[in-house]
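Listed here are the chains, written in short residue letters.
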Amino acid sequence: MSNQHPAHAESKGQPGAEAPFACRGCLSTRTSLVLDMGQLPLANAFVRLPTDTDDQVREQLTLVFCEACGLVQIREAIDRHKLFSSFLWVIGTSETTKAYARSFSERLRERYKPRADQSPFLVEIASNDGFFLEHYRQVGFDVLGVDPSNLAAEAAERGLPSIRAFFGRAVAEQIVSTRGRADVIVARNVLGHVSELQDLVAGMKHLLAPNGRMVLESPYAFMLRDEVQYDTIFHEHLSYLTVHAVDALMRRYGMKLTEVGYCRMNGGSFVIEVAHEDADVPANAQSALDFEELIDLHRPSGWRRFAEAVPAQRAALRTLLTGLEAEGRCVVGYGAAAKAMTMLNYCGITPQLLRAMGDANPRKQGLLCPGVRMPVVSPEALMALEPDYILIGAWNFKDEIIRFFRERLGYQNKFIVPLPMPYVI
Ligand SMILES: [Zn+2]
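This report concerns the structure included in the present document. (Residues numbered from 1 in each chain as written. Predicted model: local features only at pLDDT ≥ 70, side-chain atom pairs only at ≥ 80, totals over all residues. Heavy atoms only, no water.)

Right, let's talk about the sheet that holds strand β14 (residues 376–377) for a bit. Taken together, 6 strands build an open sheet; the order of strands is β14-β13-β12-β15-β16-β17 and the sheet is mixed. On the outer flanks of this sheet lie β14 and β17 (423–424), each paired with one strand and no other. Two strands pair when backbone bridges link them, and strand β15 (residues 389–392) and strand β16 (residues 414–417) are joined in this way by 3 bridges, in the parallel orientation. Bridge pairing in β16 links I390 to F415. (Pairing = 2+ DSSP bridges. Helix = DSSP H or I, 4+ residues; strand = E, 2+ residues; numbered from the N terminus.)

Attention now goes to the side chain of N345. Its place among the elements puts N345 in helix α11 (residues 338–347). On the basis of relative accessible area, N345 is assigned to the buried category, the value being 10%. A polar contact of 3.0 Å, which involves the side chain of N345, links it to the backbone oxygen of P370. (Buried < 20%, exposed > 50% of the residue type's maximum accessible area, 1.4 Å probe, protein only. Polar contact = N/O pair within 3.5 Å; in protein donor to acceptor, adjacent residues only side chain to side chain.)

In this section: the packing of helix α2 (residues 95–112) against helix α3 (residues 131–138). Where α2 meets α3, the axes come as close as 9 Å, and the angle between the chain directions of the two elements is 40°. Judged on the interaxial angle alone, α3 and α2 are oblique. Note that α2 runs across α3; the crossing there is right-handed. Residue-level contacts link T97, K98, Y100, A101, R102, F104, S105 and L108 of α2 to F131, F132, H135 and Y136 of α3. Counted by class, the contact of α2 with α3 contains 7 nonpolar, 3 polar and 2 charged residues. (Axes fitted to C-alpha atoms, helices over the stretch in contact; angles between N-to-C directions. Parallel < 35°, antiparallel > 145°, perpendicular 65-115°, else oblique. Left-handed = near helix turned anticlockwise from the far one by under 90°. Contact = heavy atoms within 4.5 Å. Nonpolar A, V, L, I, M, F, W, Y, C, P; charged D, E, K, R; others polar.)

Let us now look at the sheet that holds strand β2 (residues 58–66). Here 4 strands make up an open sheet; going across it, the order is β1-β2-β3-β9 and the pairing antiparallel. Two strands bound the open sheet, and with one partner strand each, they are β1 (31–41) and β9 (239–240). With 2 bridges joining them, strand β3 (residues 72–74) and β9 adopt antiparallel strand pairing. Considered in β9, the bridge of Q73 is made with S239. Across the sheet, α11 lies against β1 and β2, angled at about 85° from β1, the strand it touches most.

A word on the side chain of E292. With respect to the secondary-structure elements, E292 resides in helix α9 (residues 286–294). The charged side chain of E292 is buried without a salt bridge, its nearest counter-charge being R225 at 9.6 Å. In this structure, E292 is in contact with Y220, T242, V243, H244, L297 and H298, ignoring residues within four places of it in sequence. (Lys, Arg positive; Asp, Glu negative; His and termini not counted. Salt bridge = Lys/Arg side-chain N within 4 Å of Asp/Glu carboxyl O.)

A separate point is the environment of L224. Looking at the secondary structure, you find L224 in helix α7 (residues 221–226). When the C-alpha atoms of L224 and Y240 are compared, they prove to be 8.1 Å apart, with 16 residues separating the residues in sequence. Discounting chain neighbours no more than four positions away, the residues touching L224 are Q229, Y230, T232, I233, Y240, W303 and F306.

Summarising the metal site, the zinc ion is bound by the protein donors C23 (SG), C26 (SG), C66 (SG) and C69 (SG), whose distances to it range over 2.3 to 2.4 Å. Given 4 donor atoms and angles of 105 to 114° at the metal, the environment of the zinc ion is assigned as tetrahedral. Sequence spacing of the donors to the zinc ion: C-x2-C-x39-C-x2-C. Of this pair, C26 sits in the segment before β1 while C69 sits in the loop between β2 and β3, and the two are 43 residues apart along the sequence. (Donors = N, O, S within 2.8 Å, 3.2 Å for Na, K, Ca; no water. Tetrahedral: all angles 85-135°; square planar, octahedral: opposite > 155°, others 65-115°.)

Next up on the list: the pattern of salt bridges. Any two side chains of opposite charge can pair, given that their charged atoms come close. According to the stated counting rule, one finds 17 salt bridges in the structure shown. Between R111 and E259 there is a salt bridge, and its shortest N-O distance comes to 3.1 Å. Residue R111 is found in helix α2, and its partner E259 is found in strand β10 (residues 255–263); the two are separated by 148 residues along the sequence. What makes R111 partly exposed here is its relative accessible area of 40%. Among the residues examined, E259 registers a relative accessible area of 31% and is labelled partly exposed. Measuring nitrogen to oxygen at the nearest pair gives 3.0 Å for the salt bridge that ties E217 to R188. Of the two residues, E217 sits in strand β8 (residues 208–219) while R188 sits in strand β7 (residues 182–188), which places them 29 residues apart along the sequence. In this structure R188 comes out as buried when scored by relative accessible area, which is 7%. Salt bridges linked by common partners bring R111, R213, E259 and E273 together as one network.

In structure tokens form, the structure reads like this:
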């Protein structure tokens, strides 16, 4: 494919003019404040040298609630080309993810590949380095990936057809004209990351075959709220989704929810199946919608305790780490995920309190954490510091990380789990 990025304009207000914030899902300007996180550096702005300044730009981070469609989202919109152009994050480095890719693709095969002689056309939006695409192909799908990062080219080189672009209406038209409509569209962790949410859904609607199915997976805002996962709030992560909000968005584009399920990925996610409104399958989301009604998830009042818990967690973590420092303990972190960077910066954790961050991703090793500037090192280098405590940054992989340190690296000391309130194990 020869084009670089889809040629639609960013829908922004006049520069300098204080245009009211409009909801990404429905354009309503009726929003209410959930949480003000202050000014934070971009969570993936890792730097190479102490003299680098990319991470010194701090941007406001404010979580709001749309009164019209219930979409929880951040007000701020950073230029997406800046956020995704050199993406360090690669799927598939953890055992948990590898196992999930196998079970997820197996489930797609069972549901959407009725005959052995068929290779249904599957398009994955935000296909990253093609890790999941490879699994879909292995179970018999004819695959195509779309990803805005430089990883699309890597996937294509490995023989996994991939377009480097932000998926939207223009890319959907291009795929339909060259390859036809998609029998299956997969979008894992996409809805929450997209600034042009309506263009994304318009593209999905256009691309989906009349009897096709779309599978959407995203971190569930219920887990954000009830597990105080505030560190998943960062500039790249624009929306925090409920079934209500997804339902409203899909209805807006003539589609319906035909199944709602859940999985453990990313701290707890929903997996929603979507079809065209007139497809020959009933809508089936009422029990999930009733549950959200019951727990006030789609009302601003349902978010008040969360807003109080976040600064309380910060205070508790700071107290714990400054206490350990005063005792002369060596504390390090493990899992230099974007969420960990959010927490370290929001809590003001310095290299004095946390000597280094370990990470298994070689692309991150040797870099400095954005803002707080502790070095990212390999797990082995982390062990060489002889830590007394390891703060688990990537808490969604907590069990795997603990097992890894205990069994593979012989670590005998303690771990700190930071959420929902810090505790030591
Ligand atoms: Zn809205």
